[in-house]
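# Observations on the three-dimensional arrangement
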Amino acid sequence: VGHCHPDIVKAAHEQNQLLNTNSRYLHDNLVDYAERLSKTLPEKLCIFYFLNSGSEANDLALRLARQYTRHEDVIVLDHAYHGHLTSLIDISPYKFRNLEGQKEWVHVAPVPDTFRGLYKEDHEDSVTAYADEVKNIIEHAHKRGRKIAAFFVESLPSVGGQIIPPAGYFQKVAQHVHKAGGVFIADEIQVGFGRVGKHFWAFQLQGEDFIPDIVTMGKPIGNGHPLACVATTKEIAEAFAATGVEYFNTFGGNPVSCAIGLAVLDVIEKEHLQAHATEVGNFLMKLLKEQQIKHPIIGDVR
């Protein structure tokens, strides 16, 4: 919502003057913030874990998926980047190809890019073709005795080239993944919170009928303040809690972080930033597409 936004500075300052403590101490801000976030998401995503960074959120999502499914393997898209923790470097082809290489429990699917990818816009059914690539990976993994815990994807792959997956791709992939006993994790860390304009969450571009099993968020959520969140279903959270090992994050969801999170949501609403993203995005797309007609060197506009 902009550097040093007065509403954010005020919320942080006021809460800092009152109380900031670790999350063993109960505080209304955490509950209030969870309730506000829940109103932006589909109803079944009703359990929230608060953390300090997007990397922490993605690491927890991985743990939730593995505990719920009792499987280990993860399918990711080529060029993906999901964070800087060891567990996330392992599922980030963008990083691991230059480091220790691909682990046996990681499977890389082609990016559903209809401009430069395997199946382009002129393909008769690029959605099914790209989803079948994931299906083939699952079948090959099963033949090797591997089991899929999750399909882990950024709702709009960013490092991969600002790719907009064709509508319906997530639904078809989710069918294959669920059939294999896995879960669908949508990484909204860079693209959530109204940034896509038409919707509050980028996964909603796939259609109202698509709901991930786990959603991770970070980066813009605290306007620069360390704040992140994982949203999931009751079933997944209960399987995670059933271990008897509680999830604890010392400062995840502390009173100041949640006050800032609430203020960010207030500003997005008050200043109509989602509508602003739509208008400015459409304006830029229109002008850039005009340039595309003039200059053959411009291949695609996103």
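Residues numbered from 1 in each chain as written. Predicted model: local features only at pLDDT ≥ 70, side-chain atom pairs only at ≥ 80, totals over all residues. Heavy atoms only, no water.

## Considerations on the overall build of the protein
Going by this rule: To qualify as a helix, a DSSP run of H or I must reach at least 4 residues; to qualify as a strand, a run of E must reach at least 2; elements of each kind are numbered from the N terminus. Each radius of gyration is computed over the set of C-alpha atoms, and the globule rule expresses the reference value as 2.2 Å times the number of residues to the power 0.38. Residue exposure (1.4 Å probe, protein chains only): buried if accessible area is under 20% of the type maximum, exposed if over 50%, otherwise partly exposed. When charges are tallied, Lys and Arg are placed among the positive residues and Asp and Glu among the negative ones, while His and the ends of the chain are skipped. Charge placement uses NZ in Lys and CZ in Arg. For Asp and Glu, CG and CD serve respectively.
Check the secondary structure of the protein and you find 10 helices and seven strands. Taking 302 residues into account, the globule formula puts the C-alpha radius of gyration at 19 Å, and the protein, at 20 Å, falls close to it. Structurally, the protein occupies a C-alpha span of about 60 × 55 × 35 Å along its principal axes. Here the protein holds 302 residues, and 50% of them are scored as buried. Distance from the positive charge centre (29 side chains) to the negative charge centre (37 side chains) of the protein: 4 Å.

## Points about the pairing of strand 2 (residues 73-77)
On a regular strand, one side chain projects to one face of the sheet and the next to the other, so that they alternate. Heads up, the rule is: Strands qualify as paired when DSSP identifies two bridges or more between them.
Of all five residues in strand 2, five are buried, a share of seventy percent or more. Neither face of strand 2 is left uncovered, since the one carrying D73, I75 and L77 and the one carrying V74 and V76 both have all their residues buried. Bridge analysis of strand 2 against strand 4 (residues 148-154) gives four bridges, and the strand direction is parallel. Across the sheet, V74 pairs through a bridge with A150, a residue of strand 4. Bridge count for strand 2 against strand 3 (residues 106-109) is four bridges, and the pairing is parallel.

## Describing the pairing of strand 6 (residues 214-217)
Burial of strand 6 is two-sided: the residues I214 and T216 facing one way and the residues V215 and M217 facing the other way are all buried. Judged from the four bridges that link them, strand 6 and strand 7 (residues 228-232) form a sheet pairing that is antiparallel. Note on strand 7: the bridge partner recorded for M217 is C229.

## Some words on the pattern of salt bridges
We count it as follows: Any carboxyl oxygen of Asp or Glu that lies within 4 Å of a side-chain nitrogen of Lys or Arg is treated as forming a salt bridge with it.
Summed over all chains, the structure comprises 13 salt bridges. Among the ionic pairs, K270 bridges to D7, the shortest N-O distance being 2.6 Å. A residue pair is termed long-range when its members are at least 10 positions apart, and K270 in helix 9 (residues 255-270) and D7 in helix 1 (residues 6-18) qualify at 263 residues. Residue class for D7 comes out partly exposed when judged on its relative accessible area of 28%. Across the pair D300 and R302 runs a salt bridge whose closest N-O atoms are separated by 3.0 Å. The exposure class assigned to D300 is partly exposed, which follows from its relative accessible area of 35%. For R302, a relative accessible area of 39% translates into the label partly exposed.

## Details of helix 2 (residues 28-38)
We count it as follows: Note: the arc covers the axis-to-C-beta directions of the helix. Every residue pair with non-hydrogen atoms within 4.5 Å of one another is taken to be in contact.
Turning to helix 2, its buried residues number three or more, namely N29, Y33, A34 and L37. Taken down its axis, helix 2 places every buried residue within 130 degrees of arc, on the same side. In this structure, the buried residues of helix 2 make contact with helix 1, strand 1 (47-51), strand 6, strand 7 and helix 9.

## Focus: the nonpolar core
Heads up, the condition is: What is meant by a nonpolar core is a set of buried Ala, Val, Leu, Ile, Met, Phe, Trp, Tyr and Cys residues, joined one to another through side-chain atoms within 4.5 Å.
One finds Y33, F151, Y169, F193 and M217 to be the most contacted residues of the largest nonpolar core, which totals 53 residues. When residues in this core are grouped by element, the largest group, nine residues, is from helix 9. Residues contacting M217, with those up to four places away along its chain left out, are L37, L41, A57, E188, I189, F193, W201, A228, C229 and A231. Core analysis: the next-biggest nonpolar cluster, separate from the first, contains 26 residues, L60, A61, W105 and I236 among them.

## Notes on the sheet that holds strand 7
Selection criterion: Note on method: axes are straight lines fitted to C-alpha atoms, helices fitted across the in-contact stretch only, with angles between N-to-C directions ranging 0 to 180 degrees.
Ordered by their spatial adjacency, seven strands build an open sheet running 1-7-6-5-4-2-3, and the pairing between neighbours is mixed. Two strands close off the open sheet at either side, each with one partner strand: strand 1 and strand 3. Strand-to-strand twist of the sheet, defined as the mean angle between neighbouring strand axes without regard to direction, takes the value 20 degrees.

## Considerations on the environment of I214
Checked against the element boundaries, I214 lands in strand 6. Sequence separation between I214 and A231 is 17 residues; the distance between their C-alpha atoms is 5.8 Å. I214 has contacts with L45, A61, L64, A65, V183, F184, I185, A186, V230, A231, T232 and I236, leaving out every residue within four places of it along the chain.

## Considering the environment of F248
Tracing the backbone through its elements, the reader meets F248 in the loop between helix 8 (234-241) and helix 9. Taking the C-alpha atoms as reference points, F248 and L51, 197 residues apart in sequence, are found 9.3 Å from one another. With residues up to four places along the chain from it excluded, the contact list for F248 reads N22, S23 and R24.

## Some words on the packing of helix 3 (residues 54-69) against helix 8
The cut-off we apply is this: Note that the term roughly parallel is reserved for angles under 35 degrees, roughly antiparallel for angles over 145, roughly perpendicular for angles of 65 to 115, and oblique for everything else. Gly counts as polar in this scheme, as do all residues outside two lists: the nonpolar Ala, Val, Leu, Ile, Met, Phe, Trp, Tyr, Cys and Pro, and the charged Asp, Glu, Lys and Arg.
Across the interface, helix 3 lies against helix 8 with an axial gap of 8 Å and an inter-helix angle of 85 degrees. Between helix 3 and helix 8, the angle is such that the two are roughly perpendicular. Along the contact surface, helix 3 presents L60, R63, L64, Q67 and Y68, while helix 8 presents E235, I236, A239 and F240. Partitioned by chemical class, the residues of the contact of helix 3 with helix 8 number six nonpolar, one polar and two charged.

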